[in-house]
Amino acid sequence: MAKNKMMMAAASVFAALALSACQAEPSPMDMDEQMDENMGENSGDMEEHMDEQMSDEDGHMMDHSGSGDVPDDLKEAADPLYGVGTQATINSDHMSGMKGAKATIAGAYDTTVYAVSYTPADGGEPVEDHKWVIHEELENAEDEPFTEGDEVVLNADHMQGMDGVTATIDTAQQTTVYMVDFEATDSGEQVTNHKWVTEDELTPVE
């Protein structure tokens, strides 16, 4: 009888110790390891989301927002179709979340605008028909615009690895270009001072 009581008491003590161990606070090391494990599981999704936010239609890294600074010799449009502060709908898809977005005009300028092809300075894949670079963003640009097939040096950083590289002019057109603010349709990202959208890539807001 006494032996049974001793065994029951020992079992109770063991159960109490086990319960206490289960309820013990995790150590800082355990918490760090758990966080690292969770981050590891989600890191792929996070990186994919960031790439989607920051890539153009060909998957190249692109800076959505800009500083708002423009070249000193860039002329403001005298009578733009869309005035500064007005709104328009973007019909181009230079980057994810752009097409169909409602834009607010942050600047309007008359210039020659180019589509260009180049190989990024960081060794990334060649970029074909990038839209857009303006005349004032080209090194040693004179009064006369460049034409299709000309080689130029880019002084713009719209995309990663773009600034300072040699590019080939694919197309050239004289038009009004706009710097715009908009909310990306796919992510809700607020994009400010995006350069550039041409006049024919905008339509009035319905």
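Along each chain, the written sequence defines residue order, and numbers are assigned to residues from 1. At least 70 in pLDDT is required for a residue's local features to be given in this predicted model, at least 80 for side-chain atom pairs to be given and counted, and no such filter applies to totals for whole chains, interfaces and linings, which use all residues. Hydrogens and water are ignored here; the side-chain numbers use all heavy atoms of the structure.

(A) Geometry of the nonpolar core. Take the buried residues of types Ala, Val, Leu, Ile, Met, Phe, Trp, Tyr and Cys, join any two whose side-chain atoms come within 4.5 Å, and each joined set is a nonpolar core. Only protein chains enter the accessibility calculation, which uses a 1.4 Å probe; a residue is then buried when its area is under 20% of its type maximum, exposed when over 50%, and partly exposed in between. Counting residues in each nonpolar core, the largest one holds 16 residues, and the members touching the most others are Ile90, Tyr178, Val180, Phe182 and Leu202. Numbering of helices and strands runs from the N terminus, with a helix taken as a DSSP run of H or I at least four residues long and a strand as a DSSP run of E at least two residues long. Taken together, the elements giving at least two residues each to this core come down to β2 (87–90), β3 (102–118), β6 (166–183) and β7 (190–198). Two residues qualify as a contact provided that any one of their heavy atoms is within 4.5 Å of a heavy atom in the partner residue. Setting aside residues no more than four positions away along its own chain, Tyr178 makes contact with Pro80, Leu81, Tyr82, Ile105, Gly107, Ala108, His194, Trp196, Val197, Thr198, Glu199 and Leu202. If you look at the next biggest cluster of nonpolar residues, it comprises 15 residues, including Tyr114, Val116, Met162 and Val165.

(B) Quick peek at the environment of Gly124. Turning to its location among the elements, Gly124 is positioned in the loop between β3 and β4 (127–134). Using a relative accessible area of 31% as the deciding quantity, one classes Gly124 as partly exposed. Residues Gly124 and Gly161, 37 residues apart in the sequence, show an inter-C-alpha distance of 7.9 Å.

(C) View of the pattern of salt bridges. Any carboxyl oxygen of Asp or Glu that lies within 4 Å of a side-chain nitrogen of Lys or Arg is treated as forming a salt bridge with it. Tallying each qualifying case throughout the model produces one salt bridge. Between Asp129 and Lys131 there is a salt bridge, and its shortest N-O distance comes to 2.6 Å. The exposure class assigned to Asp129 is partly exposed, which follows from its relative accessible area of 30%.

(D) Here's a closer look at unusual backbone geometry. For the bond from Lys131 to Trp132, the omega torsion is 5°, close enough to zero to count as cis. Residues Lys195 and Trp196 are joined by a peptide bond in cis, for which omega reads 0°. Here Trp196 shows up in strand β7. At Asn140, a residue that is not glycine, the phi angle is positive and equals roughly 60°. Secondary-structure assignment places Asn140 in the loop between β4 and β5 (151–153).

(E) Summary view of the pairing of β7. With seven of nine residues buried, β7 is to be regarded as a mostly interior element. Note: two strands are recorded as paired if DSSP finds a minimum of 2 bridges between them. Pairing of β6 with β7, which is carried by six bridges, proceeds in the antiparallel orientation. What sits directly across from Tyr178, in β7, is Val197.

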